[in-house]
Amino acid sequence: MTLDALLPLAVVLTSLLPGIAIFWLAERDTRLRTTLNLSAAIAKLALVVVIGRGVLAGEIFETRLPFVPGADLVLRADSLSLLFVSLSAVLWLVTTVYAVGYLEGSPHRSRFFGFFSISVASTMGVALAGNLLTFFVFYETLTLSTYPLVVHRGTPEAVRAGDLYLRYTLSGGVLLLTGTAILYAAAGSIEFTAGGVLGELAGRRGLLIAAFALLIAGLGVKAALIPLHTWLPVAMVAPAPVSALLHAVAVVKAGAFGITRVIYDVYGIRLADRLGVTSVLAVVAAATILYGSLKALAQDDLKRRLAYSTVSQVSFIVLGVTVVGKLLTIGGIAHLVHQGLMKITLFFCAGNLAEELGIHGVRELRGAGRRMPLTMIAFTLASLGMIGIPPLAGFVTKWYLGAGAVEVGSSWVIAVLIASSLLNAAYLLPIVRDAWFGEPSAPWPARKGRFEVGLWLLLPTIVTAAASVGVGLFAATKLSPLAMAALIAEREIHP
Amino acid sequence: MTANDALAVAAIVLPLAVGVAIGIRSLREAALAAAPWTALPAFVAALDGGASSVHADALLFGTTIGVEDVVTRVFLVLTATVWLASAAYARTYMAWDPRRARYWVFASITASGNIGLVLAQDVASFYLFYSVMTFGAYGLVAHVSTAEARRAGAVYLKMALLGEMLLLAAFVILVGARIDLPLHEAPRAVADSPHRDLVVGLLLAGFGVKAGAIVLHVWLPVAHPAAPTPASAALSGAMIAAGVLGWLRFLPLGIVALPGAGRICLAAGFAAAFYGVAVGVTQRDPKTVLAYSSVSQMGFVTAALGVALASPSTAPLATAAILFYVLHHALAKAALFLGTGIAMTAPTGWPRRLALAGLLVSALDLAGAPLSSGALAKISLKHLAADRGAAFGMLLSAGAIGSTLLMVRVLSLAAARRGPVARRPLPWVPWLLLLALDVALLAAPPIDRERLELLVDPASVASAAWPVLAGIAIAFAGRRLVRGLAIPPGDLLVVFERVGAWLRARITGAVRAGVRAEDALRAWLARRVAVPRRRQTLLREASRLEHGLSGFAPTGVALLVLGIVLAWASR
C-alpha cells in the first residue's frame, strides 16, 4: 500500500486518534488539550491541502480495507468528497478555537473535546466513504459521537433533547441500513460511481423505488426534511459550538451529502429521474424550504429561529441536486459550503451574544450593535447572505439555482427561491434592524476584556463571516466553492 | 489600466472604503473628514468625458465596470453631482447629530452602490450595486429615531425587498445559461427570451418600485421626507433615477415593439403624473409635497418609456428625452430638497429672502417655466409626441400645470413656516453651487444640444409659459379648497398596511395551526411509541416469562441432555 493510498485514512485518523487520546487527559490539562486539538486540526488541514492538490490535478486517493465478506471499507477522495472534507476541516479548526473559548472553565471538557474530535472523524468518514456500507458505518458513528455533545450540559432538558435526537437518528439509521442491505443483496457492493451503479437493475422498478425511499428517509432525518425535522430545533439546547458544528457541517450536512451521493453516485441522476423519485423529493425539499422559514418566523428564541432556518436552508442543497440540470447541481453543491459558512457565523454570533450579554430571545437585541459591533456586523452579513443579497454566499447559490431552473424549464423553483428569500428577510432583518437602530432597554454590562467578547470567540466569528463574503465576492476564482462545485458537476455528474 | 479606468474604480471603492473606515475607531476622525468628498472621483470621471472599462475576472462571476456610452455618462453626471452636493450639505447639516458617524457609514455605502450601478456593465454586478444601494439607504431613511422614521424604514424595507425580489426573478430568468451576461446584451436577451412578457413585466415592476411608479410609489412620500434633508435629496434626486436607469439598461427599446407594455407604461405614467399632483397638493410637509412631485415627474418619464416600448423607431429619440429629463429632474429636485431644508430653518431677514428666492428659481425650473432646463426637458418630450396626435401634447401641458401647482404648494409651505430658527451655520454653499450648476446645465447640456434654439423660439416660450401661469392662477383660486383636505402621506399605503396586517394574521394563524399539528403529532408519537412506559411493560413481561420458565428448569436440563445425546448419537 503506497503512501498516497493511506492519505484518506490519515484524514480520518487525525481527528480520531487525538479524540481518543483526549479522554485520558486530566480535566485541568487545558493547555495540552488545546495544543493537541489545534495541532490535529492544523495537521488535518495540511493533509486536505495535499489531497486537494492531487484531486484537482485529476488523481483519486483510495484506502481500501477488508471489512465484511463481499464489502470493503473504502475511503476515497474524489472531488465531491474533497469539497465536503475541506469544509469540515476548515470549520473544525475554527469551531475548535471557538469551543476552547466558549467552554473555558466549564466542567467535563475532556469528555466534550474527545467526542467532538470523534464526531469530526466520523464526518470525515462520511465525506470520504467510497461505498454505501462505509458511508453507513460512519453515519452511525456520527450519531453516537454527537449524542454526548447534545446532552453535554446534563440538564433534564438536554437529556430529553438527547433522547429525542437518538430516537430520530437511530431510527433513520435503521432505515438507511435496510435500504443499503436491499441494494447490496440485489447488486452486490455499492461503490459510489459517477453516473450510478444500478444500471442493470433498471428493470426492477419497485425494488429501486423502495430502496430509494428507505435511503432518503434515513438520510432525511439528519438533513431535517419535513416531517422528519422536529429533533433539530429541540437539539438546540447543546452548547453554541456544538449547534454551530451540527448545523453547518456535521450532522445536517451529512444527511444532505448522503442524499447527494445516493442520487448522483448510487442511482445516477438519470435513473433516479426516470424512476420519478426525484420529483417527489424536490417537492418535499421545496415544502421544507417554505415550512422551515415559516416556522422560523414564529420562534422567539434566537437559536431556535436559526435552527428552523437551517431546516429551510439545507433543503436548497436537496432541491439543487434533485432537479436535473447542470447549473442547479452547481448551485446545490456550492450551497453545501455556502450554507455552512453563513450558518456557522450566525451560531457563533448567537453564542457570543449569549456569553457576553446573556441574550437568548430575538427581542433582546435592541442596540446590541453598539455594544458588540463586530459580532453584529458578522450577524448582519450572514443574515443578508441567507436572504440572498449580492455579493454574499447565499446570492451565488440563488443565482445559480434560479438560472438553472430556467435552463431546464422548472420555473416553479424561482417562486420557491423568492418566497424563501422574503421569509428569510422577515425573520432575520428585524433582528438586524433592532441591533443597529434600536435602543437597549437597560445599559449593557461592561466589557470584561479588551474586546467586545473574548478573542477566542471573536476571531472565529470574524473569519467565518469574512469567508461568507469572500466565497461570494470571489466566486469566479479557481478555488472558490462555486468553482469546485462546477468542477464536480463537470467531472462526475454532467460529463 | 488607464487613468480613466483607475478613476472609475476609485469612484466605487473610495466611498465604500471611507464608509468602512468610519467603523474603525482609529481611522474614524480622518474618515469622517473625508466622507463628504468621496463622490469626487465619480464627479471627475463624469466631467472628464473619457471612456473606461475595467474587467475583474475574480469578482463575482467576472465583473466589468466602465463608462462606455452616453447613458452611463449622463447618469454618472447626475449621480455624482447629487451625491457630492448632498454630502457637502450634510457636512454642515449633520455636524451636530450625535449619530453622525452612523449616518456617514450608510451614506457612503449607499453612494458607492449608486455610483457602482451606473458604472456596472454586466447583469450580476449591476444587481450587486443596486442591492448595496437599496439596503444602504435603509440606514438613511431610518436614521432619525422617531416613530415616523421607524415606520418609514419598515415601509421602505418591505417595498425595497419586493423590488429586489422581482428583479432577482427577472435577472435569473434572463441570464439562464449565461451567468455573466453583459449589460449591453441584456435588451437583446430580453427580446429573445421565451418568457419575454414575464421578464418585461418583472423589470417594469421591479425598477418601478425605485422609480415610484404608480401604486408601487407608496413608500416614497413616507420614506423620502423621513430621511435627513441631504439624504432626501440623494434619494429623490439620484436613487429614484436608478430605477429609470434600470429600465433603460434592460428593456428591449428599439429592438422589438411591445405595444401592450407600451400602453401600460403610458397609462401608468400619466396616471402617476396627475395622481401625484392630486395627492401632493393636500400635503402639509414641504418635503412630502416634493416627494409627490417626484412621483408625478417620474410619471412623465414612464409615459415617454411607453412610447419607446411601443414603437422601436422612436426609441433613440425617447431615450435622449428621458436622459435629459432625468438629469434635469435630479438636479432640480435635489436643489429643492436642500433649499427647503435651508428655508425652513433660515433666520429672518435677507438670508430667508435669499433662501426663498433660490427655492423659487428651482421651483420655476421644475415647473418648466420658459428658458429653464425644465422647459427644455419638456420640449424634448413634446417633440417625441409630435406624431402621436395632440392628446399627448395636451397631457404634457396639463402635467406642467400640475407641476406648477405642487411647486406653489412647496413655496407657500416653506414661506409660511414660522418654526424655530437654527442658531447654527447653514450649508448655503453646496446648495447655491448646485443651483448654479442646475442653471448652467442649460448652457451645455450633455444631450439634446440641438434643441437649444427651440428654447428661445417664441412659440415654445409661450407654450412653456401658459401652463405655469395657469398653474399659479389655479393655485390661488383653489387654495381654500385644499385647506380642509388631508390625505395621509403614502395615500394607498394605508390600504396596503391593512391588507398586510390581515395577511400577517392569516399567516400567523396558519403557522400556529402548524405548530399545534406538530405538537399533536409529537404527543401521539410519544403515546404510541412511549418507550419508557412500554419498556416497563416489556421488562415486566420478560421477567414474568423468565420466572415462568424457571419453573421448568429440570425439564430444561433434561431436554439439554437429550439434545446432546442425540447429537452425539447422530454423528
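Keep in mind the model is a prediction, meaning the values are calculated, not measured.

Participant: Any chance you could explain the overall build of chain A here in plain terms?
Facilitator: The number of helices and strands found in chain A is 20 helices and 2 strands. For 495 residues, the compact-globule estimate of 2.2 N^0.38 gives 23 Å, and the C-alpha radius of gyration of chain A, at 21 Å, lies within 12% of that figure. When its C-alpha atoms are laid out on the principal axes, chain A stretches across 70 × 55 × 45 Å. By residue count, 63% of the 495 residues in chain A fall in the buried class.

Participant: What's the story with the overall build of chain B in this structure? I'm lost.
Facilitator: In terms of helices and strands, chain B carries 24 helices and 2 strands. A principal-axis box enclosing the C-alpha atoms of chain B has dimensions of 130 × 55 × 55 Å. The buried share of chain B, reckoned over its 571 residues, is 56%. Within chain B, residue pairs in contact and separated by at least 24 positions form 81% of the contacts whose partners lie at least 6 positions apart. Taken as a whole, chain B presents about 23500 Å² of accessible surface, with 68% of it coming from carbon and sulfur. Charged side chains in chain B number 48 positive and 28 negative. The centres of these two groups are separated by 15 Å.

Participant: In this structure, what is going on with unusual backbone geometry? I would like to understand it.
Facilitator: In most cases, non-glycine residues show a negative phi, while peptide bonds are predominantly trans. A cis geometry characterises the amide bond from isoleucine 226 of chain A onward to proline 227 of chain A, with omega recorded as 0 degrees. Within the element layout of this structure, proline 227 of chain A appears in the loop between helix H7 (205-222) and helix H8 (231-234). Of note, the amide linkage connecting proline 390 of chain A to proline 391 of chain A takes the cis form, showing an omega dihedral of 5 degrees. As for its placement among the helices and strands, proline 391 of chain A is situated in the loop between helix H16 (373-387) and helix H17 (393-407). One non-glycine residue with positive phi stands out, namely histidine 108 of chain A, at about 60 degrees. Histidine 108 of chain A sits in the partly exposed class, given a relative accessible area of 41%. One non-glycine residue, leucine 371 of chain B, lies in positive phi territory at about 70 degrees.

Participant: Whenever I open this one, the pairing of strand S1 (residues 52-56) of chain B confuses me. Can you help?
Facilitator: The two faces of a sheet get side chains in turn, since along a regular strand they alternate between them. All names here are of chain B. In the sheet, S1 pairs with strand S2 (residues 63-67) via 5 bridges, with the strands oriented antiparallel. Of the residues in S2, the one forming a bridge with histidine 55 is threonine 64. Counted between consecutive antiparallel strands, the loop separating S1 from S2 contains 6 residues, among which leucine 60 sits at a positive phi close to 50 degrees.

Participant: Would you mind showing me how to read the environment of serine 86 of chain A here?
Facilitator: Residues and elements named next belong to chain A. As for its placement among the helices and strands, serine 86 is situated in helix H3 (residues 79-102). With a relative accessible area of 23%, serine 86 lands in the partly exposed category. The spatial distance from the C-alpha of serine 86 to the C-alpha of valine 49 is 8.1 Å, given a sequence separation of 37 residues.

Participant: Which parts of the structure should I look at to understand a nonpolar patch on the surface?
Facilitator: All names here are of chain A. A cluster of nonpolar residues, Leu374, Ile377, Phe451, Leu455, Trp456, Leu459 and Ile462, forms a patch on the protein surface that exposes about 570 Å² of accessible area. Looking at the nonpolar patch, the elements with two or more residues in it are H16 and helix H19 (455-473). For phenylalanine 451, the position within the fold is in the loop between helix H18 (412-437) and H19.

Participant: Would you mind showing me how to read the interface of chain B and chain A here?
Facilitator: The figure often quoted for interface size is the accessible area lost as the parts come together. In this complex, chain B contributes 41 residues to the contact, which on the side of chain A involves 43 residues. With both sides pooled, the region where chain B packs onto chain A buries about 3500 Å², and carbon together with sulfur makes up 75% of that total. Viewed at the interface, chain A and chain B are joined by 1 salt bridge. Measuring nitrogen to oxygen at the nearest pair gives 3.1 Å for the salt bridge that ties glutamate 439 of chain A to arginine 99 of chain B. For the pair chain B and chain A, the interface holds 4 residue pairs in polar contact (both at pLDDT 80 or more). Sorting elements by how many residues they give to the side of chain B that touches chain A places helix H7 (residues 147-175) of chain B first, with 10 residues.

Participant: What is the right way to read the packing of aromatic side chains from this model?
Facilitator: Within this structure, the stated rule accounts for 35 aromatic pairs over all chains. Between phenylalanine 126 of chain B and phenylalanine 207 of chain B the ring centres are 5.9 Å apart and the planes differ by 75 degrees, which places this aromatic pair in the edge-to-face class. Taken as a pair, phenylalanine 126 of chain B in helix H6 (residues 123-141) and phenylalanine 207 of chain B in helix H9 (residues 196-211) lie far apart in primary sequence, 81 residues in all. Accessibility classification places phenylalanine 126 of chain B together with phenylalanine 207 of chain B in one group, the buried group. With a centroid separation of 5.5 Å and 90 degrees between ring planes, the pair formed by tyrosine 130 of chain B and phenylalanine 207 of chain B is classed as edge-to-face. Of this pair, tyrosine 130 of chain B sits in helix H6 while phenylalanine 207 of chain B sits in helix H9, placing them 77 residues apart in sequence. Aromatic rings pair up to connect Phe395, Trp399 and Tyr400 of chain A together with Phe61, Phe126, Tyr127, Tyr130, Phe171, Phe207 and Phe250 of chain B into one cluster. Here lysine 222 of chain A stacks its cationic end above the ring of tyrosine 139 of chain A, 3.5 Å away from the centre of that ring.

Participant: What's the story with the pattern of salt bridges in this structure? I'm lost.
Facilitator: Pairing is possible between side chains of opposite charge, provided their charged atoms come close. Residue and element names in this part refer to chain A. What the rule picks out here adds up to 15 salt bridges over all chains. A salt bridge links arginine 261 to aspartate 78; the nearest nitrogen and oxygen atoms lie 3.2 Å apart. Here arginine 261, found in helix H10 (residues 251-267), pairs with aspartate 78, found in the loop between strand S2 (71-77) and H3; they are 183 residues apart in sequence, far enough to count as distant. In the salt-bridge network here, residues are joined through shared partners; they are Glu62, Arg64, Asp72, Arg76 and Glu191.

Participant: Would you mind going over the packing of helix H6 (residues 156-187) of chain A against H7 of chain A with me for this structure?
Facilitator: When two helices pack together, their arrangement is given by the angle between the helix axes and by the axis-to-axis distance. Residues and elements named next belong to chain A. Close contact between H6 and H7 brings their axes to 7 Å; oriented N to C, the two are set at 150 degrees. Classified by the angle their axes make, H6 and H7 are roughly antiparallel. Considering the relative orientation of H6 and H7, their crossing is left-handed. Facing Tyr168, Thr169, Gly172, Leu175, Leu176, Thr178, Gly179, Thr180, Ile182, Leu183 and Ala186 of H6, the residues of H7 in contact are Leu207, Leu208, Ala211, Leu214, Leu215, Ala217, Gly218, Leu219, Val221 and Lys222. Residues belonging to the contact of H6 with H7 are distributed by class as follows: 14 nonpolar, 6 polar and 1 charged.

Participant: For this particular structure, what's the right way to read the side chain of threonine 345 of chain A?
Facilitator: Take threonine 345 of chain A: it is sitting in helix H14 (residues 326-357). With sequence-adjacent residues up to four places away left out, threonine 345 of chain A is seen in contact with Ala378, Ala382, Thr461, Thr464, Ala465 and Ser468 of chain A.

Participant: I would appreciate a short explanation of empty space enclosed by the protein in the present structure.
Facilitator: Rolling a probe over the atoms, with the probe sized like a water molecule, indicates the empty space that remains. All names here are of chain B. Under the defined criterion, the tally for this structure stands at 4 cavities of 30 Å³ or more. Size it by volume and the largest cavity reaches roughly 80 Å³. Along its surface, the largest cavity is lined by Ala35, Thr38, Ala39, Trp83, Ser86, Ala87, Tyr103, Trp104, Ala107, Ser108 and Ala111. Of all the secondary structure elements, the ones that give two or more residues to the lining of the largest cavity are helix H4 (70-93) and helix H5 (100-119). The greatest single-element share of the lining of the largest cavity, amounting to 5 residues, is contributed by H5. The residue inventory of the lining of the largest cavity, partitioned by class, reads 8 nonpolar, 3 polar and no charged.

Participant: Which parts of the structure should I look at to understand the side chain of lysine 253 of chain A?
Facilitator: Residue and element names in this part refer to chain A. Examined against the element boundaries, lysine 253 turns out to sit in helix H10. An unpaired buried charge is present at lysine 253: no salt bridge exists, and aspartate 78, the closest side chain of opposite charge, is 16 Å distant. The contacts of lysine 253, once residues within four sequence positions are left out, are Phe84, Leu87, Ala248, Ile317, Leu336, Gln339 and Gly340.

Participant: Explanation requested: the domain arrangement of chain B in the structure shown.
Facilitator: The domains assigned to chain B are domain 1 (3-491) and domain 2 (501-569). In this structure, domain 1 of chain B and domain 2 of chain B have C-alpha centres spaced 70 Å apart.

Participant: Even after reading the chapter, I still don't get helix H11 (residues 229-250) of chain B, so can you show me in this structure?
Facilitator: The periodicity of an α-helix, 3.6 residues per turn, causes residues three or four places apart in sequence to face the same way. Residues and elements named next belong to chain B. In a regular helix each residue adds 1.5 Å, so 22 residues correspond to 32 Å; H11 covers 31 Å between its end C-alpha atoms and thus fits that length. Of all bends in H11, the biggest is about 35 degrees, found at leucine 235. Where burial is concerned, most of H11 is hidden: 22 out of the 22 residues are buried.

Participant: Could you clarify how one ought to interpret the confidence of the model for chain A in this entry?
Facilitator: Low-pLDDT stretches of the model should not have their predicted coordinates read in fine detail. On average, residues of chain A score 88 in pLDDT, and 99% of them are at 70 or above. Element-level mean pLDDT values for chain A span from 83 in strand S1 (residues 61-68) of chain A up to 93 in H16 of chain A.

Participant: I'm lost on the nonpolar core in this one. Help?
Facilitator: Grouped burial of nonpolar side chains is what soluble globular proteins tend to show. In terms of nonpolar packing, the biggest core is built from 373 residues, with Tyr267 and Trp399 of chain A together with Phe61, Phe75 and Phe171 of chain B touching the most fellow members. Ranked by residue count, the leading element in this core is helix H14 (residues 315-345) of chain B, at 19 residues. Every residue in contact with tryptophan 399 of chain A, bar those within four places of it in the chain, is listed here: Phe61, Val123, Ala124, Tyr127, Leu168, Phe171, Val172, Val175 and Ile179 of chain B.

Participant: Help me understand the pairing of S1 of chain A in this model?
Facilitator: Relative to S2 of chain A, S1 of chain A runs antiparallel, the two sharing 7 bridges. Residue pairing in the sheet places valine 68 of chain A in a bridge with alanine 71 of chain A of S2 of chain A.

Participant: I tried to follow the environment of proline 227 of chain A on my own but got confused; where do I start?
Facilitator: Judged by its relative accessible area of 56%, proline 227 of chain A falls in the exposed class. Through-space distance from the C-alpha of proline 227 of chain A to that of tyrosine 291 of chain A is 10.0 Å; in sequence the pair is 64 residues apart.

Procedures and definitions
Residues numbered from 1 in each chain as written. Chains lettered and ligands numbered in written order. Predicted model: local features only at pLDDT ≥ 70, side-chain atom pairs only at ≥ 80, totals over all residues. Heavy atoms only, no water. Helix = DSSP H or I, 4+ residues; strand = E, 2+ residues; numbered from the N terminus. Rg over C-alpha atoms; globule rule 2.2 N^0.38 Å. Buried < 20%, exposed > 50% of the residue type's maximum accessible area, 1.4 Å probe, protein only. Contact = heavy atoms within 4.5 Å. Areas by Shrake-Rupley, 256 points an atom, 1.4 Å probe, with all protein chains shown as cover. Lys, Arg positive; Asp, Glu negative; His and termini not counted. Charge placed at Lys NZ, Arg CZ, Asp CG, Glu CD. Pairing = 2+ DSSP bridges. Patch = residues over 30% accessible without salt bridge, like charges linked within 9 Å, V, L, I, M, F, W, Y side chains within 5 Å. Salt bridge = Lys/Arg side-chain N within 4 Å of Asp/Glu carboxyl O. Buried area = accessible area lost by both parts, 1.4 Å probe. Polar contact = N/O pair within 3.5 Å; in protein donor to acceptor, adjacent residues only side chain to side chain. Phe/Tyr/Trp six-rings, centres within 6.5 Å; stacked < 30°, edge-to-face > 60°. Lys NZ or Arg CZ within 6 Å of the ring centre and 35° of its normal. Axes fitted to C-alpha atoms, helices over the stretch in contact; angles between N-to-C directions. Parallel < 35°, antiparallel > 145°, perpendicular 65-115°, else oblique. Left-handed = near helix turned anticlockwise from the far one by under 90°. Nonpolar A, V, L, I, M, F, W, Y, C, P; charged D, E, K, R; others polar. 1 Å grid on protein atoms, 1.4 Å probe; cavity = no way out; pocket = protein on both sides within 12 Å on 5 of 7 lines; lining within 4 Å. Points joined across faces, edges and corners; volume = space filled by probe spheres on them. Domains from an automatic or database assignment. Expected span 1.5 Å × (residues − 1). Bend = angle between axes of the 7 residues up to and from the residue. pLDDT = per-residue confidence, 0-100. Core = buried A, V, L, I, M, F, W, Y, C linked by side-chain atoms within 4.5 Å.

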